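Here is what each chain is made of, one letter per residue.
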Amino acid sequence: MDTELLLTFLTVAKSGGISAAARVLHRSQPAVTERLQKLSQMVGEPLTMRHGRGIQLTPAGEALLTTAQRMREVIDEFEDIILRRQRLQSGVLRIAATNTVANYFLPERLVAFQQQFPDVEIQLRGGVIDWESIALSDWDLFFLEGGLDLEGLPSYYAVTPWLDDEIMTIFPEGHALLQRDVLNLEDLMAYPLIWREPGSGIRRSVEKVFRDAGLNPRQSIEVTGVEAVGAAVDAGLGIGFVTAAALLCRKDWRVQARRLPAPQGIQWTLYMARPQPAYQSHTIRAFLEFLETAAVGLPLIGRYVINPDAEIHS
């Protein structure tokens, strides 16, 4: 079935004649007549008949009119959906992220993006610890604390570095080690340490630094999430490790921060899993372009890596 035949018939019926329909459709009268004749042949009987200087629908034409009108409405709706998505007047952006990224790196960016594209619906799932517990196909973008810990991604996804940040060592106020002018990792070994959950990128980064220094710290207290680390250190339970972004946001924590090991501290990278360009929707593409410029235009926490396009495939 050629939908243009039905739409031409609908225009003729609404216009009341061939010549009027031709002007509306920007077609010649013979072209409109030919389409009308083809549709009549398909139906098997005439759809219009002459009436004065115009036309009048036959019973067959009257029966077909409602169907043609529904088709026009469906096509209009389809075209509207496409246009709105192309203009980002509608669309859904589905993001899954770890606790640290969802709490301290994404909110300000998502707010700014939604101010620019208010009709885009944003769905954010934060606090993901076990990536096997979520259906990866339900989400568009993934923000990770490690580049190679997300299995099961479709082949057209790539894991790329997103932001560089620093992990700070935090102490309760009045801690004995704060009296020293110079601190080393070895100095921490005699005190209780607060650790993140095993899947945390912060924990893996800190453990690697200790291993590289030939140290094997005892596991004193294990908590889930950066907020729990801050609360535990604030309460005086031990020494912890949190992202510098959290310290900028959580002025209420009664803690003191130090860069260990001195002087370089602990650097770490956040990663993003995204579909390759050919598989990106207009909404995903717009958000990725926004992220590339956000560091310049907004006072956001974190800084972009020098080469954000260097791919690390999971």
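For the structure itself, look to the data block above.
Residues numbered from 1 in each chain as written. Predicted model: local features only at pLDDT ≥ 70, side-chain atom pairs only at ≥ 80, totals over all residues. Heavy atoms only, no water.

## A word on the overall build of the protein chain
Scanning the protein chain for helices and strands turns up 11 helices and 12 strands. The C-alpha atoms of the protein chain give a radius of gyration of 31 Å, which is well past the 20 Å a tight globule of 314 residues would have. C-alpha extents for the protein chain along the principal axes are approximately 105 × 35 × 30 Å. Of all 314 residues assigned to the protein chain, the portion counted as buried reaches 45%. Taking the intrachain contacts of the protein chain between residues at least 6 apart in sequence as the baseline, contacts between residues at least 24 apart amount to 73%. Of the side chains in the protein chain, 30 bear a positive and 38 a negative charge, and the two mean positions are spaced by 6 Å. (Helix = DSSP H or I, 4+ residues; strand = E, 2+ residues; numbered from the N terminus. Rg over C-alpha atoms; globule rule 2.2 N^0.38 Å. Buried < 20%, exposed > 50% of the residue type's maximum accessible area, 1.4 Å probe, protein only. Contact = heavy atoms within 4.5 Å. Lys, Arg positive; Asp, Glu negative; His and termini not counted. Charge placed at Lys NZ, Arg CZ, Asp CG, Glu CD.)

## A few points about unusual backbone geometry
With glycine set apart, most residues show a phi of negative sign, and most peptide bonds adopt trans. Of note, the bond from Leu 260 into Pro 261 is cis; its omega dihedral lies within 30 degrees of zero at -10°. In this chain, Ala 262 is followed by Pro 263 through a cis amide linkage whose omega measures 0°. Residue position: Pro 263 is located in the loop between strand 10 (255–258) and strand 11 (266–275). For His 26, which is not a glycine, the phi torsion comes out positive at approximately 60°. Tracing the sequence through the fold places His 26 in the loop between helix 2 (18–25) and helix 3 (29–43). Judged by its relative accessible area of 69%, His 26 falls in the exposed class.

## Structural notes on empty space enclosed by the protein
Applying the stated criterion across every chain yields a total of 2 cavities of 30 Å³ or more. In this structure, the second largest cavity spans a volume of roughly 40 Å³. In this structure, the second largest cavity is lined by Ile 194, Trp 195, Arg 196, Ile 202, Arg 203, Val 206 and Phe 241. Mapped by element, the contributors of at least two residues to the lining of the second largest cavity are strand 7 (194–195) and helix 8 (201–212). No other element matches the 3 residues that helix 8 contributes to the lining of the second largest cavity. Taken together, the residues of the lining of the second largest cavity sort by class into 5 nonpolar, no polar and 2 charged. (1 Å grid on protein atoms, 1.4 Å probe; cavity = no way out; pocket = protein on both sides within 12 Å on 5 of 7 lines; lining within 4 Å. Points joined across faces, edges and corners; volume = space filled by probe spheres on them. Nonpolar A, V, L, I, M, F, W, Y, C, P; charged D, E, K, R; others polar.)

## Let's talk about the packing of aromatic side chains
In this structure the tally under the stated criterion is 12 aromatic pairs. With centroids separated by 5.6 Å and ring planes inclined at 65°, the aromatic side chains of Phe 113 and Phe 290 adopt a geometry described as edge-to-face. Linking Phe 113 in helix 6 (residues 107–116) with Phe 290 in helix 11 (residues 282–297), this pair joins segments that are 177 residues apart in sequence. Comparing Phe 113 with Phe 290 shows no difference in burial state: the two are buried. Taking 5.9 Å as the distance between ring centres and 40° as the angle between the ring planes, the aromatic pair formed by Trp 195 and Phe 241 counts as tilted. Here the residue Trp 195 occupies a position in strand 7, and Phe 241 occupies one in strand 9 (residues 240–243), the gap between them amounting to 46 residues. Three or more aromatic residues joined by ring pairs make a cluster, and in this case those are Trp 131, Phe 142, Tyr 156, Tyr 157 and Tyr 279. (Phe/Tyr/Trp six-rings, centres within 6.5 Å; stacked < 30°, edge-to-face > 60°.)

## Description of the pattern of salt bridges
Under the defined criterion, the tally for this structure stands at 13 salt bridges. One salt bridge connects Asp 187 with Arg 180, and the closest N-O pair in it is separated by 3.0 Å. Each of Glu 145, Arg 196 and Glu 197 takes part in one network of salt bridges that share partners. (Salt bridge = Lys/Arg side-chain N within 4 Å of Asp/Glu carboxyl O.)

## Digging into the layout of surface pockets
Estimated volume of the largest pocket: approximately 320 Å³. Along the walls of the largest pocket sit 17 residues, with Ile 18, Leu 36, Thr 48, Arg 50 and Ile 55 positioned nearest its centre. In terms of residue count, the dominant contributor to the lining of the largest pocket is helix 3 (5 residues). In terms of residue class, the lining of the largest pocket is built from 6 nonpolar, 9 polar and 2 charged.

## Examining the environment of Gly 265
Locating Gly 265 in the fold gives a position in the loop between strand 10 and strand 11. Owing to a relative accessible area of 9%, Gly 265 belongs among the buried residues under this scheme. On a C-alpha basis, the gap between Gly 265 and Gln 276 in space is 34 Å, while along the polypeptide they are 11 residues apart. In this structure, Gly 265 is in contact with Glu 166, Arg 259 and Leu 260, ignoring residues within four places of it in sequence.

## Thoughts on the pairing of strand 5 (residues 141–144)
Alternating residues of strand 5 divide into Leu 141 and Phe 143 and Phe 142 and Leu 144, and every residue in both groups is buried. With 3 bridges connecting them, strand 3 (residues 92–97) and strand 5 associate as parallel partners. Its bridge partner being in strand 5, Ile 95 is matched across the sheet by Leu 141. Summarising the sheet, strand 5 and strand 11 pair through 3 bridges and their orientation is antiparallel. Residue pairing across strands places Phe 143 opposite Met 272, the latter belonging to strand 11. (Pairing = 2+ DSSP bridges.)

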